[in-house]
Amino acid sequence: FSHMLNCLYDCRYCFLQGMFRSAHYLLFVNYESFMGAIDNTLAKTGADETVTFFSGYDCDSLALESLTGFVEAFLPFFRERRQAILELRTKSVNIQALLKVEPYDNCITAFSFTPQEISEKTEHGVPPLKRRIEAMKKLAEQGWPLGLRLDPLIYHEGFEITYRRLIDDIFLTVPPKAFHSVSLGPMRFPKTMFDRIVKLYPDNRLLAGPLHLANGMVTYRKELENDMTQICRSLLSKHVPKEKFFHCTPWG
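A brief structural summary.

Remarks on helix H7 (residues 159-173)
Link 1 in the chain: Its 15 residues give H7 an end-to-end C-alpha distance of 22 Å, which sits within 8% of 21 Å, the value for a rise of 1.5 Å per residue.
Link 2 in the chain: Phe159, Thr162, Tyr163, Leu166, Ile167, Ile170 and Phe171 are the residues of H7 that are buried. Along the long axis of H7, the arc covered by the buried residues comes to 155°, so they all point the same way. Away from its buried face, by an angle of more than 90 degrees, H7 presents the exposed residues Ile161 and Leu172.

What follows is the structure, encoded as structure tokens:
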């Protein structure tokens, strides 16, 4: 569920680049309507089942918290609904709303990362890698469960070296036991969305990489995607068990 459309950050690989016709932010302030819809969904679900509600696909869940008050509004709501899991997806270090309350296990703060070399060139306005890892550490120390999202995986020369460095930096700072889940997925776009982004940034080297059109999606060839995924799974397996891995793929 999306409380806002468009993101504070300008990540050149993000599908939002080609999704909306305007760069303005649209904030939905009728939080009570979201809450009512969530309760309706839970009422249709078995008492022994959990339902995950994902925030941060059409915006960053935390970046504009001082303006939106989104986290402050929804933390107490989800705390009272243990059947529901909230995922906050972010590249922000704006974690004050979480740090000032007691943690609970059905709110996952999921941080998205690319290696420093990629982030500096493509993630405009995003806080430095070191500060984001430190934000994860602070949340872990307080007891909040974390998600790690290496999504999208972006192919480049030296892929294994830069991703090894990224993963090592994260787990040297953040205890592995703090992680609820880890997801991996390649850079991917619907064809029409990819075409819009290319028109916006025709000189973007990222979009001229080894991409391939299949089943209406522009992504890496399956063999390359498998290679990247296996490299990262191998690196991550030193820190987290395989049952915490989730693969996001355009191939089904």
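Okay, back to it.
Quick look at the sheet that holds strand E5 (residues 84-90)
Link 1 in the chain: Judged by pairing direction, the sheet is parallel, and its 6 strands sit side by side in the order E4-E5-E6-E8-E9-E13 without closing on themselves. The sheet is open, and its two borders are formed by strand E4 (51-55) and strand E13 (245-247), each paired with just one other strand. Averaged over all neighbouring strand pairs, the angle between strand axes comes to 20°, with direction disregarded.
Link 2 in the chain: Where strand E8 (residues 146-153) and strand E9 (residues 179-186) come together, 6 bridges link them in parallel fashion. The partner of Leu146 across the bridge, within E9, is Phe179.
Link 3 in the chain: The sheet contacts of helix H3 (residues 70-79) involve E4, E5 and strand E6 (107-112), and relative to E5 the element is tilted by about 160°.

About the thresholds
- Residues numbered from 1 in each chain as written.
- Predicted model: local features only at pLDDT ≥ 70, side-chain atom pairs only at ≥ 80, totals over all residues.
- Heavy atoms only, no water.
- Helix = DSSP H or I, 4+ residues; strand = E, 2+ residues; numbered from the N terminus.
- Expected span 1.5 Å × (residues − 1).
- Buried < 20%, exposed > 50% of the residue type's maximum accessible area, 1.4 Å probe, protein only.
- Arc of directions from axis to C-beta.
- Pairing = 2+ DSSP bridges.
- Axes fitted to C-alpha atoms, helices over the stretch in contact; angles between N-to-C directions.
- Contact = heavy atoms within 4.5 Å.

The values are spatial; any link to function lies outside them.
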